Amino acid sequence: MQDASGLLVSQRCVIGVVCDGCSSGHRDSERPGVASSNEVGARLLATMIPPMMVQLLSRRPTLEQLLLDRLASTLRTRLKKIVAASSDGHRPARERFIFDYLMTTILVTVFTDREYVVFGKGDGIFGVNANITELEDETGHYFASALFSPSTNGRIPARRDRGNFRIHARGSVSGVKNIIIGTDGMLDIHRADGSLLSRFMDSSPSIEQVVDGIDALLQEFRRALMSAKIGEDRIKDDATFVVFRRPLGTEAQSSFG
């Protein structure tokens, strides 16, 4: 399992994160039948991003690109310190550590009381109001690529960018009924039944189903999978998702389930 997810609910915002660690590692570390340990980076980033975002929103409460650039800058600084501590300044060890532990995709959604944004680095899938978008053109992009030196001997080429996040969707929260973000394993499910996620997202929970802001989501999704008759052989990768759905009968300013 190389996926990870994070969730944070505060008075200022609600944040969901999904990350998918790359299965490949540094060419000097790979052995037949042995995957990388990039789930470490996935779990680390899924844990680090929500509190960072809350702190940044306390200073600049607008979900715009400048805020996300500051998040990326803060995240790079923290990761560089981790890499330095793990490699003792030795360049080959530094590159192996990044390739083997930190190469992960990132997909995030943030709600404030006025607006929402979906952003990330790398592939995956997201949906707003049951309109599903595949991020296949983002395949091969990893946030940690920005940590490499200008040239590297690793198997995955370092992309010459600063690792900044790309905004995929943004708008007023008043028009949002539901949002889903998922790792690329969810693509197998979506492609096996193109309407499953849309139907699932369109079925808002009742107030009675929601306890402390959480509904019985997983059980409902499993039933949807069973009714769609999507076998395990159709799902070839880890599939992790975070969903926000507005309960039936609630107003636009109400909390999501």
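Shown above is the structure to which this text applies.
From a predicted model like this one, the values you see are computed outputs, not experimental measurements.

### Brief notes about the nonpolar core
Thinking step 1. Core analysis: the largest hydrophobic core is formed by 39 residues, its most contacted members being Met53, Leu75, Ile106, Val110, Phe119 and Phe165.
Thinking step 2. Mapped by element, the contributors of at least two residues to this core are strand E2 (14–21), helix H1 (39–59), helix H2 (65–87), helix H3 (91–102), strand E3 (104–111) and strand E4 (115–121).
Thinking step 3. The greatest single-element share of this core, amounting to nine residues, is contributed by H1.
Thinking step 4. Apart from residues lying up to four places away in sequence, Phe165 is in contact with Gln65, Leu68, Leu71, Ala72, Leu75, Ile106, Phe119, Gly120, Lys121 and Phe143.

### Digging into the packing of aromatic side chains
Thinking step 1. A full pass over the atoms with the stated rule returns six aromatic pairs.
Thinking step 2. Where Phe99 meets Phe148, the ring centres are 4.5 Å apart and the plane angle is 40°; that geometry is what we call tilted. Placement of the pair is Phe99 in helix H3 and Phe148 in the loop between strand E6 (131–134) and strand E7 (166–172), with a sequence separation of 49 residues. Here the two residues Phe99 and Phe148 agree in accessibility, since each one is buried.
Thinking step 3. These aromatic residues form a ring-pair network of at least three members: Phe111, Tyr116 and Phe244.

### Side note on H2
Thinking step 1. Its 23 residues place the ends of H2 32 Å apart at the C-alpha level, agreeing with the 33 Å of an ideal helix rising 1.5 Å per residue.
Thinking step 2. As for H2, its buried residues are in contact with H1, H3, E3, E4 and E7.
Thinking step 3. Following H2 by one or two positions, Asp88 adopts a phi angle in the positive range, close to 55°.

### Observations concerning the pattern of salt bridges
Thinking step 1. Taken as a whole, this structure holds five salt bridges when the rule is applied.
Thinking step 2. A salt bridge links Asp137 to Arg166; the shortest N-O distance between them is 3.6 Å. With Asp137 in the loop between E6 and E7 and Arg166 in strand E7, this residue pair connects regions lying 29 residues apart in the sequence.
Thinking step 3. Look at Asp137 and you get exposed, because its relative accessible area is 53%.
Thinking step 4. Judged by its relative accessible area of 38%, Arg166 falls in the partly exposed class.
Thinking step 5. Across the pair Glu138 and Arg166 runs a salt bridge whose closest N-O atoms are separated by 2.4 Å. Here the residue Glu138 occupies a position in the loop between E6 and E7, and Arg166 occupies one in strand E7, the gap between them amounting to 28 residues.
Thinking step 6. It is possible to trace a salt-bridge network through shared partners that takes in Asp137, Glu138 and Arg166.

### Observations concerning the sheet that holds E7
Strands belonging to one sheet form pairs held by backbone hydrogen bonds; the direction of such a pair is parallel or antiparallel.
Thinking step 1. Read across the open sheet, the five strands follow the order E1-E2-E3-E4-E7; overall the sheet is antiparallel. Among the strands making up the open sheet, the edge pair consists of strand E1 (3–9) and E7. Strand-to-strand twist in this sheet, taken as the mean axis angle between neighbours without regard to direction, amounts to 10°.
Thinking step 2. Pairing geometry for E4 and E7, over six bridges, is antiparallel. Bridge pairing in E7 links Val118 to Ala169.
Thinking step 3. The sheet strands contacting H1 are E1, E2, E3 and E4, and the helix crosses E2 at an angle near 155°.

### Comments concerning the sheet that holds strand E9 (residues 241–245)
Thinking step 1. The four strands lie next to each other as E6-E5-E8-E9, forming an open sheet whose pairing is antiparallel. The open sheet has two free edges, formed respectively by E6 and E9, since each of these has just one partner strand. Neighbour-to-neighbour, the strand axes of this sheet turn through a mean angle of 10°, independent of strand direction.
Thinking step 2. Bridge analysis of strand E5 (residues 125–128) against strand E8 (residues 178–182) gives four bridges, and the strand direction is antiparallel. Paired with Val128 across the bridge in E8 is Ile179.
Thinking step 3. Where helix H4 (residues 185–192) meets the sheet, it contacts E5, E6, E8 and E9, and its direction lies at approximately 125° from that of E6.

### As for the packing of H2 against H3
Thinking step 1. The N-to-C vectors of H2 and H3 enclose an angle of 120°; their axes lie 9 Å apart at closest approach. The pairing of H2 with H3 is recorded here as oblique in orientation. As H2 runs across H3, the sense of the crossing is right-handed. Where H2 abuts H3, its residues Leu79, Ile82, Val83, Ser86 and Ser87 lie against Ala93, Arg94, Phe97, Ile98 and Leu102.
Thinking step 2. Residues that form the contact of H2 with H3 fall into these classes: seven nonpolar, two polar and one charged.

Each value, and the rule that gives it
- Residues numbered from 1 in each chain as written.
- Predicted model: local features only at pLDDT ≥ 70, side-chain atom pairs only at ≥ 80, totals over all residues.
- Heavy atoms only, no water.
- Core = buried A, V, L, I, M, F, W, Y, C linked by side-chain atoms within 4.5 Å.
- Buried < 20%, exposed > 50% of the residue type's maximum accessible area, 1.4 Å probe, protein only.
- Helix = DSSP H or I, 4+ residues; strand = E, 2+ residues; numbered from the N terminus.
- Contact = heavy atoms within 4.5 Å.
- Phe/Tyr/Trp six-rings, centres within 6.5 Å; stacked < 30°, edge-to-face > 60°.
- Expected span 1.5 Å × (residues − 1).
- Salt bridge = Lys/Arg side-chain N within 4 Å of Asp/Glu carboxyl O.
- Pairing = 2+ DSSP bridges.
- Axes fitted to C-alpha atoms, helices over the stretch in contact; angles between N-to-C directions.
- Parallel < 35°, antiparallel > 145°, perpendicular 65-115°, else oblique.
- Left-handed = near helix turned anticlockwise from the far one by under 90°.
- Nonpolar A, V, L, I, M, F, W, Y, C, P; charged D, E, K, R; others polar.

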